[in-house]
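Letter by letter, the chains look like this.
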Protein chains: 2
Amino acid sequence: MQAELISVGTELLLGEIVDTNAAYMSQRLAALGINLYYRHTVGDNLSRLKAQIEVALGRAEVLILCGGLGPTDDDLTREGIAEATGRRLVTFPEAEEELRKFFAARGREITPNNLRQAQAPEGAKLLPNPVGTAPGILLEHSGKLIFALPGPPSELQPMWLNEVEPRLRARALQAGGGTAIFTRTLRVADLGESQVAHDLRDLVEGQTDPTLAFYASPGEVKIRLATRAKSQEEAAARFAPLEAEIRRRLGTYVYGVDDESMEIVVGKLLAERGATLAVAESCTGGLLGHRITNVPGASRYLLADFVTYSNKAKQDILGVPEEVLCEHGAVSEECVRAMAEGARRLVNATYAVATTGIAGPTGGTPSKPVGTVYMAVTNGVNTKVQGFVWATSREVFKERVAQMALNMLRQSILGELP
Amino acid sequence: MQAELISVGTELLLGEIVDTNAAYMSQRLAALGINLYYRHTVGDNLSRLKAQIEVALGRAEVLILCGGLGPTDDDLTREGIAEATGRRLVTFPEAEEELRKFFAARGREITPNNLRQAQAPEGAKLLPNPVGTAPGILLEHSGKLIFALPGPPSELQPMWLNEVEPRLRARALQAGGGTAIFTRTLRVADLGESQVAHDLRDLVEGQTDPTLAFYASPGEVKIRLATRAKSQEEAAARFAPLEAEIRRRLGTYVYGVDDESMEIVVGKLLAERGATLAVAESCTGGLLGHRITNVPGASRYLLADFVTYSNKAKQDILGVPEEVLCEHGAVSEECVRAMAEGARRLVNATYAVATTGIAGPTGGTPSKPVGTVYMAVTNGVNTKVQGFVWATSREVFKERVAQMALNMLRQSILGELP
């Protein structure tokens, strides 16, 4: 079964907003095992929108549009679907009633433009939108499903979960004769894509069912297992031996599965042990704390994060000895060790992790070029330090150091840091 | 002049990553006055990639592809362009040399797969990539320009600025008979789009040249001025009176222009004054520090950021009095004031900014629901506090609080915080 997505809106083509809806829907479709071969973005222009709908309907069984359901003359998704399917736009009285109620409840006057939101192609079904004025649209046309969803993610996501996904799941099972595609993603840190490919070469070359594919993104490689099965349980049984073999080869380089980010994994490990964490950052500048606190409930383990950007703060706050700063400098094994140990002591945490480095683009020296970084983890008994030189952009440098520091913390908690 | 974008990568169609490159390039094209009518995403599949390239070349003068230039067998952008244009893939010896040097410098072995990155369609020009292994590709074919750029934003963006944009600008000037479109964007914080539209209504209704348009994105409104001119200087002279009038009406709500983010603007204000900054964060969890340190040279003004996530850390590190925590709680006007003042004193900074709130999804109470937040700014003489209730997701909450706190700091430095 094949789907196609069209995001509608000139603001997308001007780059004013990033299309997170497309990624959201893509991820949900992948989890349903529905193939997505093309995604498109068109502006608020009726003829181009109509043309792209026609192309997509020529290929896919399911077409999903998002955006362009607003009340202004620029919102043309209703018209685009009507023209591409040769149907009239009609007003849905119950939708008009809803709109009038919505405006009355907020003491606002309804305009003729607002009433455009009660229109849809003849034969369509309107999908309720409890959090906005634009109902969604579902049209069955020539055996295909066409969905149109509102652009704001806060309206699109509940409508997707409540109205779109149940219908797609039923259709996918039906199309697959009672089976659908299931996936499991193993997440790998601290190993490059080519190393992973090398270590698993025979598994990749000999793959049949489940299939095996790699996706590299900054700081990690994802290994995606996929199989066609009748149920989650049947799929899980088929994944298990392959996953066990991959884990046997890659060991603790596999840090998580599916949606588990490094900060979620580390948070779970800390929470399970009733352990607490202190952080000391220099070159990552707060990114470690930001990632750790993106996880709901992080207050159970994170006590404090000291972003000691100046040497004086490293000395005064964390107690890094002046001799260390004078003799070895702030970007040194000795300094990062003192930072981690100082932060841990200061709030009496179980673990502490620290970073110091030269993010660039300036500040490098011949002996310590831009990209030099040291990271330390301590549990109060042992302190481990690693150093690297990663020449890249400031943003990527921060991302990569934060990911590696979290991974060192993870390995330290697991007792597997060499 | 019309361009079309194709993002290449199955990881995009699986929703594993959000396509920020498409937004970046869209924005740059808009600023060059080049029309972008369609954007597409295709997976790592040669026949579908080839088909989409052919469709795009049938419409646009400029085709830009991103992604799919990596070393693996899944990276098919080189092959896609070659097939769609009927050209052979050839190895570029100087690119092979560069690759060998890159690997040797890092002590890594080069594999035959890596050498695929030295290939391009016959007749192409390779575009240098100083920060990665994948060179870009420029192919002139039937009077059209085809660019292929690497997927990692840290590699794509410098290549765009150094290699793509100068060629597009030259082409746009040529196509426009010596003129091109120039734009200037005024960035507005802490005012809604409808308020901006209201304040500038007559300017919008009476617009001729330059034209005027608004784009709302999370935490800000952008006002885009555009004109067709022979040069940047001619355009600047035309923007000046309109910009002055807008600034007269909106005052310091206009915080920056073009690419100036709030953290860049705040950093400039601090650096110009030789002032220093301390930060104390609770609910933003490091995001404020992360944003401030994304600006190169932030070490000139940022002394330290104390992410005091636990009450004990607020008390022990920042000196928030126990009575404040007992009587008013950690999410209170009194606490955020003590956090800001404590952080400033601790490192003797000129300014300090602090945040405390309930990011959710748990932790709310009837009197302090999820979304409650207090922010403070102090200069050692005066401390200003603001409080809000912003019910939204954890991520958006952190973003919005960080933006507002930085804006309070900006207004405080300018002496305009009420």
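Residues numbered from 1 in each chain as written. Chains lettered and ligands numbered in written order. Predicted model: local features only at pLDDT ≥ 70, side-chain atom pairs only at ≥ 80, totals over all residues. Heavy atoms only, no water.

J.: I'm lost on the sheet that holds strand β6 (residues 125-127) of chain A in this one. Help?
T.: Picture the strands of a sheet paired through backbone hydrogen bonds; they go either parallel or antiparallel. The strand order β6(A)-β7(A)-β8(A)-β3(A)-β1(A)-β2(A)-β2(B)-β1(B)-β3(B)-β8(B)-β7(B)-β6(B) describes an open sheet built from 12 strands, whose pairing is mixed. Every other strand in the sheet has two partners, leaving β6 of chain A together with β6 (125-127) of chain B as the edge strands with one partner each. The mean inter-strand angle of the sheet, taken between neighbouring strand axes irrespective of direction, is 20 degrees. (Pairing = 2+ DSSP bridges. Helix = DSSP H or I, 4+ residues; strand = E, 2+ residues; numbered from the N terminus. Axes fitted to C-alpha atoms, helices over the stretch in contact; angles between N-to-C directions.)

J.: Is there a simple way to explain the packing of helix α3 (residues 46-57) of chain B against helix α4 (residues 77-85) of chain B in this structure?
T.: Two quantities define a packed helix pair, namely the angle between the helix axes and the distance between the axes. All names here are of chain B. Orientation of α3 relative to α4, taken along the N-to-C sense of each, is 55 degrees, at an axis distance of 9 Å. Comparing the axis directions of α3 and α4 gives the class oblique. Seen along the crossing, α3 lies across α4 with a hand that is right-handed. Contact residues: L46, L49, K50, I53, E54 and L57 in α3; T77, E79, G80, I81, E83, A84 and T85 in α4. Classifying every residue of the contact of α3 with α4 gives 6 nonpolar, 3 polar and 4 charged. (Parallel < 35°, antiparallel > 145°, perpendicular 65-115°, else oblique. Left-handed = near helix turned anticlockwise from the far one by under 90°. Contact = heavy atoms within 4.5 Å. Nonpolar A, V, L, I, M, F, W, Y, C, P; charged D, E, K, R; others polar.)

J.: Would you explain helix α5 (residues 93-105) of chain A in this entry?
T.: Owing to its 3.6 residues per turn, the α-helix brings residues three or four apart onto one side. All names here are of chain A. Given a rise of 1.5 Å per residue, 13 residues ought to cover 18 Å, and the 18 Å separating the end C-alpha atoms of α5 matches this to within 8%. Listed as buried for α5 are A95, L99 and F103. Taken around the axis of α5, the buried residues stretch over an arc of 70 degrees, which confines them to a single face. Residues P93, E94, A104 and A105 are exposed on α5 and point more than 90 degrees away from its buried face. Against the buried residues of α5 lie α6 (112-115) and β6. Taken from the residues just after α5, G107 is the one with a positive phi, measuring 65 degrees. (Expected span 1.5 Å × (residues − 1). Buried < 20%, exposed > 50% of the residue type's maximum accessible area, 1.4 Å probe, protein only. Arc of directions from axis to C-beta.)

J.: Sorry, what's going on with the relation of the copies chain B and chain A here?
T.: The second copy of the chain is related to the first by a rotation about an axis and a shift along the axis. Least-squares fitting of chain B to chain A yields an RMSD of 2.5 Å, with the transformation described by 1.7 Å of translation along the axis and a rotation of 179 degrees. In short, the pair behaves as if placed about a two-fold rotation axis. When you check the interface residues of chain B against chain A, 91% turn up at the interface there too, and the contact is symmetric in its surfaces. (Least-squares fit on C-alpha atoms with pLDDT ≥ 70 in both.)

J.: Explain the interface of chain B and chain A here, please?
T.: For interface size, the figure often reported is the accessible area lost on association. Taken together, the contacts link 64 residues of chain B with 65 residues of chain A. Between chain B and chain A, a total of about 5,400 Å² is buried, with carbon and sulfur atoms accounting for 56% of that surface. For the chain B face of the interface with chain A, the top three residues by lost area are B:L14, B:R39 and B:Y309, together amounting to 12%. Across the chain B-chain A interface, the total number found is 1 salt bridge. A salt bridge links B:E16 to A:K222; its shortest N-O distance comes to 2.8 Å. Here chain B is connected to chain A by 28 residue pairs in polar contact (both at pLDDT 80 or more). (Buried area = accessible area lost by both parts, 1.4 Å probe. Salt bridge = Lys/Arg side-chain N within 4 Å of Asp/Glu carboxyl O. Polar contact = N/O pair within 3.5 Å; in protein donor to acceptor, adjacent residues only side chain to side chain.)

J.: How should I be thinking about the side chain of B:R187 in this particular structure?
T.: All names here are of chain B. With respect to the helices and strands, R187 occurs in strand β9 (residues 180-189). At 3.0 Å, the side chain of R187 and the side chain of E220 are in polar contact. Apart from the residues lying within four places of it in its own chain, the contact partners of R187 are E220, V221, K222, Y253, V254, Y255, G256, V257, D258, D259, E260 and S261.

J.: Would you explain a negative patch on the surface in this entry?
T.: All names here are of chain A. A contiguous patch of negative charge on the surface is contributed by E322, E323, E327, E333 and E334. Elements with a contribution of two residues or more to the negative patch: α14 (322-327) and α15 (333-347). The residue E322 is located in helix α14 in this model. (Patch = residues over 30% accessible without salt bridge, like charges linked within 9 Å, V, L, I, M, F, W, Y side chains within 5 Å. Areas by Shrake-Rupley, 256 points an atom, 1.4 Å probe, with all protein chains shown as cover. Lys, Arg positive; Asp, Glu negative; His and termini not counted. Charge placed at Lys NZ, Arg CZ, Asp CG, Glu CD.)

J.: Teacher, can you tell me more about unusual backbone geometry here?
T.: A cis geometry characterises the amide bond from A:G360 onward to A:P361, with omega recorded as 5 degrees. Checked against the element boundaries, A:P361 lands in the loop between β15 (351-357) and β16 (372-378). In this chain, B:D209 is followed by B:P210 through a cis amide linkage whose omega measures 0 degrees. With respect to the helices, strands and loops of the structure, B:P210 is situated in the loop between α9 (201-205) and β10 (211-217). At A:D258, a residue that is not glycine, the phi angle is positive and equals roughly 50 degrees. For A:D258, a relative accessible area of 33% corresponds to the partly exposed category. In this model, A:N348 sits at a positive phi of 55 degrees, which is unusual for a non-glycine residue. Along the chain, A:N348 falls in the loop between α15 and β15. Residue class for A:N348 comes out exposed when judged on its relative accessible area of 61%.

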